[in-house]
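Structure at a glance
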Amino acid sequence: MPAGPSAAAAWPANRRSSGVDLARLHHMANQIARNLAAQGEDAAIAATAQHIRDFWDPRMKAAILGGDRSPLDPIARAALDRLDPA
Amino acid sequence: MGYEPQADFGTPAVQSDQAVTLAIDGRSVTVPAGTSVMRAAAECGGSIPSLCATDSVKAFGSCRMCLVEIDGRKGTPASCTTPVEPGMVVHTQTARLQRLRRGVMELYISDHPLDCLTCSANNDCELQDTAAEVGLRDVRYGYAGANHLGLPTDDSNPYFDFDPSKCIACSRCVRACDEVQGTFALTIAGRGFASKVSAGQASDDFLSSECVSCGACVQACPTATLQEKAVKEIGKPERAVVTTCAYCGVGCTFRAEMRGEQLVRMVPWKDGKANRGHSCVKGRFAWGYANHRDRVLEPMIRESIEDPWRVVSWDEAFAYTAQRLNAIKAQHGARALGGITSSRCTNEETFLVQKLVRAGFGSNNVDTCARVCHSPTGYGLKTTFGTSAGTQDFDSVMQADVILVIGANPTDAHPVFASRMKRRLRQGAKLIVIDPRRIDLVRMPHVEAAHHLPLQPGTNVAVLTAMAHVIVTEELADEAFIRERCDWDEYQDWARFVADERHSPEVLEAVTRVPAADLRAAARLYATGGNGAIYYGLGVTEHSQGSSTVMAIANLAMATGNIGRPGVGVNPLRGQNNVQGSCDMGSFPHELAGYRHISDSATRGLFEQDWGVALDPEPGLRIPNMLDAALDGSFRALYIQGEDILQSDPNTHHVAAGLKAMELVIVHDLFLNETAGYAHVFLPGSTFLEKDGTFTNAERRIQRVRKVMEPANGLADWEVTQRLAQAMGQDWDYRHPAEIMAEIARLTPSFAEVSYDHLEEAGSLQWPVNAAAPEGSPVMHIDGFVRGNGRFVVTDYVPTDEKTGPRYPLLLTTGRILSQYNVGAQTRRTANTVWHEEDLLEIHPADAENRGIKTGDWVRLASRTGETTLRADVTDRVAPGVVYTTFHHPATQANVVTTDYSDWATNCPEYKVTAVQVMPSNGPTDWQESYASWAERSRRVAREPAE
Ligand code: SF4
Ligand code: SF4
Ligand code: SF4
Ligand code: FES
């Protein structure tokens, strides 16, 4: 018997269940950037970078900094560049 | 401590700047102008016999028992309805008064069963006391005439009985229901001798009436007519201990009235500053879970969640758990470990759990259930005002002129505060409700909202921005306040932003569905109607834009100068009893106690020095991130105190998968809750009746929780955490929670002057309690904001990614009801289930008809995440296109359908908006059936063979 209810069909196909969830981190970063965008580009980039610095655990920061940044909105991407210019 | 009933001064206290001095029975007494003679007598230690007066309600003057003589006045006025006057000379005990009172008493007694000796209220009955006081020895009338003695008892309410044969028609119950509770459920039907208390219609009993079982009438009743069933069953209490309710963020204080080790009843404490002697059904009556048979009292462990549980000793449980934690830490590093603190536990317990995680585990992976409710409040109010808390005390509402309720349903979720609010509304304050549902407050007896803006779920920011647009463009902003208290440049940026035509109510109507004219009128009322006070709840926070909405609320309050004095402010209504406290105590992964960022080396240094360990300077994982990290293998062990994340958190499948991926899940709780199905260690918890500590309510009020009985499981929760820490090698040695509070106070500036002695003296304290405010701070930001200048933050309306479409055309929003609490772990284990046996889906008649659904039908509720079934309730409380349910029952598991979309700033889940489809169904889904059998299997306990 599998542990837990075995309603495999109930698992949404669009959600993965292993590996670093980069897509989720991208979604989070974009969401932060979009909500700060109204402050103007410069302020939004700085605030997005600060937000990630203040609230994300190191493994999340490492994963998003080390991953493909192309799915990111321009503000989120610029914020990451500021956190890690590499 | 012996049993003393609470003092009753006969009529309510009066606030007045003027004092009046008079003489009562030769004693000089000074009281505020407007005080009754009866109260003045009581305040100087005298006592005037009375029956129809009690200090929770206005005097009525019907019984004529409280007669007095006043020099220079004719007759014998009733002291309860006679206000004091300067120089008055009052006599309360004369032969004439004695005779008159005895005559009145005789009439009452002649229609009252004389079974005092066997009555459950014997020696706790005001009629009996008063009869003795007036010296009534015998009754001349006999029972031959008409009387009420044969009337049957109404025992329909699960917690109290109504025995009309004992009723003296004093109407205290009726007035308590009207004035204190504001439900207007009772009437005195008939006149004269035929008058009789009745709950609603003649055919109604208490259960089927409008009664919400708050208990105010029971407390007001001078006889055994309305009485707690438990007093009949257990007997009269012998001692009383004052403590604090463990249900909601109102933080009512109660006298736990005990007989031996048994709790007889919880009676609201009149001196409680949060509740002022009132209560709701949960705190007053629903404490039966404390000794429910489902409660687990012994620790249990198992290697795998496939195994049955094995009961072990505390020693073995701690040794096993510590060894597993240490092994995981050694192999995977400190950041693989974490904990969840509980907003149902005390400040001291919460503080210890976060200390265990930070100092013992060595990570900052600590989070709390506030993540899923008020984390956006923390973020939003800290950003705008500088501190993460409501600005007012509850009393403040009595000075509000305009009350704006947004995303909160106080009559269900914060009932005792709602009663205060309703009282203020009956006095004439205006009400604006912003809510997708027509909550009860919109229209109820003697309360009607001036404006109800039934917005489309998920559009709070748009509505508030449109209100700001009106305030700025119609020049209703309080420029003087803004110039003095806020950053003017930031204000102008914000004002320019909201004044943009695209933020006008007319343009945004397409998104919000709120008629522009209504919105304009509401904005004008808030800005110009006098003191404007905003109260909000989870309908604000549990959205993708939760933090933006909190900041938008703060912007409105600053723009209109509605902050920094009584009667105004921004007030989050907190869900759980100690959610304010658990946040204050450093339960968030990025913050130490007192909302100080973990990266701040000065603050970290204080803790490092005090605790003697180095702390990780990086923020830890939030609950949803812990679950993600568990799936990728980097997070492996979780200690959960007093929370049931499987049921309470969104997207149940995701939570289950995360828990299942962990090596070690430790659940510390009263019951084998849903999360325990995935646990390897179960540590039994203790109830709030079994421990000492403090809770902090929604008005920042720190109140004592006092132990009234020994922990049935042997250890209070703080002791369990301490023993676990010791087993892991920590040198903790707290002997009493007071010592933990001393540590909190020395490490947290806003608690600097808090101690158990100080609390004992003051009764309760509202933080900040420090050198600047040694007796606490009922209202915040009086002379300036905590952060200096108030900060206007531009809040753009960024719609959620959760969209309706042809497959999922309806929006689901969730909430709760009065009689149940959160995941229901406690309330489901009480008689409160008579009011709420199951979660129902509210659906508008038009949507129901399209789908062929009738009230009571089983329906399937499906989202992109999952599906469940429940029964439908067809009602126009919800707008077309919107459906609503509660999440109190595990059988329904509403969170199977909620998504993992969350607030952009805090990841607070978006419970309030899920795109769904609803269709008729035959019964439970496969998931529900397989979950039910799994839940049963996961609770098996191996029985040792008998020796
Ligand atoms: S219990 Fe409360 S609501 Fe019910 S009748 Fe009494 S006062 Fe009214
Ligand atoms: S039920 Fe109690 S409070 Fe109500 S009228 Fe009768 S005696 Fe008075
Ligand atoms: S209002 Fe809240 S704190 Fe007060 S009794 Fe009810 S549940 Fe307890
Ligand atoms: S107590 Fe004053 S008239 Fe009844």
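Only a predicted model underlies this, so the values are computations on that prediction, with no experimental measurement involved.

To continue, consider the overall build of chain A. The helix and strand inventory of chain A stands at four helices and zero strands. Taken from N to C terminus, the helices and strands of chain A fall in the order α-α-α-α. For chain A, buried positions account for 45% of its 86 residues. Counting only contacts in chain A whose residues sit at least 6 apart along the sequence, the fraction spanning at least 24 positions is 63%.

Looking now at the overall build of chain B. Broken down by element type, chain B carries 29 helices and 36 strands. Relative to its length of 947 residues, chain B is compact, with a C-alpha radius of gyration of 29 Å against a globular reference of 30 Å. Counting only C-alpha atoms and orienting by the principal axes, one finds that chain B spans roughly 85 × 85 × 65 Å. The 947 residues of chain B split such that 65% are buried. Pairs at least 24 apart in sequence give 73% of the contacts found in chain B among residues at least 6 apart. In the structure as shown, chain B presents an accessible area of about 32200 Å², 49% of it carried by carbon and sulfur atoms.

Close to ligand 2 lie 14 residues, the nearest being B:C167, B:C170, B:S171, B:C173 and B:C221. Its residues assigned to classes, the shell around ligand 2 shows 10 nonpolar, three polar and one charged.

Glancing now at the site of ligand 1. If you check the shell around ligand 1, you find B:F160, B:C177, B:L186, B:F206, B:C211, B:V212, B:S213, B:C214, B:G215, B:A216 and B:C217 and nothing else. Tallied by class, residues from the shell around ligand 1 come to nine nonpolar, two polar and no charged.

Right, let's talk about the side chain of B:R172 for a bit. All names here are of chain B. Topologically, R172 is positioned in helix α4 (residues 172-181). Overall, R172 belongs to the buried group, its relative accessible area being 0%. Within the structure, the side chain of R172 is placed 2.7 Å from the backbone oxygen of L51, a separation counted as a polar contact. If we skip the residues at most four places from it in the chain, R172 touches D8, L51, C52, A53, T54, E126, A220 and P222.

Take the environment of B:A831 next. Residue and element names in this part refer to chain B. Structurally, A831 is set in the loop between β31 (810-815) and β32 (840-843). Distance from A831 to A480, taken between C-alpha atoms, is 54 Å for residues 351 residues apart in sequence. Setting aside residues up to four positions removed in sequence, A831 forms contacts with P158 and Y159.

Let us look at a negative patch on the surface. A cluster of acidic residues, B:E753, B:D757, B:E761 and B:E775, forms a negative patch at the surface. Position of B:D757 relative to the elements: it lies in helix α27 (residues 756-762).

Moving on, we get to the packing of aromatic side chains. Residues and elements named next belong to chain B. Enumeration over the complete set of coordinates arrives at 21 aromatic pairs over all chains. When the ring of W309 is compared with that of F682, the centres are 6.5 Å apart and the planes differ by 75 degrees; the resulting orientation is edge-to-face. Residue W309 is located in the loop between β12 (300-301) and β13 (310-311), and its partner F682 is located in strand β27 (residues 681-684); the two are separated by 373 residues in the primary sequence. The class for F682 is buried, based on a relative accessible area of 0%. Between F417 and Y535, the ring centres sit 5.0 Å apart and the planes meet at 40 degrees, which makes this aromatic pair tilted. Of the two residues, F417 is situated in helix α12 (residues 415-426) and Y535 in strand β21 (residues 532-536); the sequence distance between them amounts to 118 residues. Both residues of the pair, F417 and Y535, count as buried. Here the aromatic residues Y159, F160, F162, F206 and F285 are joined through ring pairs into a cluster of three or more.

Time to look at helix α2 (residues 41-55) of chain A. Taking 1.5 Å per residue as the helical rise, α2(A) with its 15 residues ought to reach 21 Å, and the 21 Å between its terminal C-alpha atoms agrees with that figure. Listed as buried for α2(A) are A:A44, A:I45, A:T48, A:A49, A:H51, A:I52, A:D54 and A:F55. Summarising the contacts, the buried residues of α2(A) are in contact with α1 (22-36), α3 (58-66) and α4 (74-83) of chain A together with α10 (375-384) and β24 (596-597) of chain B.

In this section: the sheet that holds strand β35 (residues 882-886) of chain B. To summarise the sheet geometry, strands pair through backbone hydrogen bonds and adopt either a parallel or an antiparallel arrangement. All names here are of chain B. Taken in spatial order, the six strands close into a barrel running β31-β35-β32-β34-β33-β36, and their pairing is mixed. Neighbour-to-neighbour, the strand axes of the sheet open up by a mean angle of 45 degrees, direction not taken into account. Of the pairings in the sheet, the one linking β31 to strand β36 (residues 914-920) comprises three bridges and is antiparallel in character. Looking at the pairing, L810 lines up with V916 of β36.

Residues and elements named next belong to chain B. By the criterion of burial, β35 is predominantly enclosed, with five of the five residues buried. Neither face of β35 is left uncovered, since the one carrying V882, Y884 and T886 and the one carrying V883 and T885 both have all their residues buried. Sheet topology places β31 next to β35; five bridges connect them, and they run parallel. Within β35, the position partnered with T814 by the bridge is T885. Two strands pair when backbone bridges link them, and β32 and β35 are joined in this way by two bridges, in the antiparallel orientation. Bridge pairing in β35 links E842 to Y884.

All right, on to unusual backbone geometry then. All names here are of chain B. The peptide bond linking W767 to P768 adopts the cis configuration, its omega dihedral lying at 0 degrees. Within the secondary structure, P768 sits in the loop between β30 (764-766) and β31. In this structure, A169 is a non-glycine residue whose phi angle is positive, near 55 degrees. Mapped onto the fold, A169 is located in the loop between β5 (160-162) and α4.

Turning to the nonpolar core, a few remarks are in order. All names here are of chain B. Judged by nonpolar contacts, the single largest core of 68 residues is most densely connected at L186, L226, I403, M421, L431 and L441. Here the element with the most residues in this core is α12; it accounts for four residues. Leaving out residues up to four positions away in the same chain, L226 has contacts with F160, D161, F162, C173, F206, C217, V218 and C221. Residues L325, V357, C373 and L538 belong to the second largest nonpolar core, which totals 62 residues.

The next thing to look at is the sheet that holds strand β14 (residues 337-341) of chain B. Residues and elements named next belong to chain B. Strand order in the open sheet formed by seven strands is β13-β12-β27-β26-β25-β14-β15, with mixed pairing between adjacent strands. The open sheet has two edge strands with one neighbour each: β13 and β15 (366-368). Most of the contacts of helix α22 (residues 623-631) go to β15, to which it runs at about 125 degrees, and overall it touches β14, β15 and β25 (637-641).

Rules used in this analysis
Residues numbered from 1 in each chain as written. Chains lettered and ligands numbered in written order. Predicted model: local features only at pLDDT ≥ 70, side-chain atom pairs only at ≥ 80, totals over all residues. Heavy atoms only, no water. Helix = DSSP H or I, 4+ residues; strand = E, 2+ residues; numbered from the N terminus. Buried < 20%, exposed > 50% of the residue type's maximum accessible area, 1.4 Å probe, protein only. Contact = heavy atoms within 4.5 Å. Rg over C-alpha atoms; globule rule 2.2 N^0.38 Å. Areas by Shrake-Rupley, 256 points an atom, 1.4 Å probe, with all protein chains shown as cover. Near = heavy atom within 4 Å. Nonpolar A, V, L, I, M, F, W, Y, C, P; charged D, E, K, R; others polar. Polar contact = N/O pair within 3.5 Å; in protein donor to acceptor, adjacent residues only side chain to side chain. Patch = residues over 30% accessible without salt bridge, like charges linked within 9 Å, V, L, I, M, F, W, Y side chains within 5 Å. Salt bridge = Lys/Arg side-chain N within 4 Å of Asp/Glu carboxyl O. Lys, Arg positive; Asp, Glu negative; His and termini not counted. Charge placed at Lys NZ, Arg CZ, Asp CG, Glu CD. Phe/Tyr/Trp six-rings, centres within 6.5 Å; stacked < 30°, edge-to-face > 60°. Expected span 1.5 Å × (residues − 1). Pairing = 2+ DSSP bridges. Axes fitted to C-alpha atoms, helices over the stretch in contact; angles between N-to-C directions. Core = buried A, V, L, I, M, F, W, Y, C linked by side-chain atoms within 4.5 Å.

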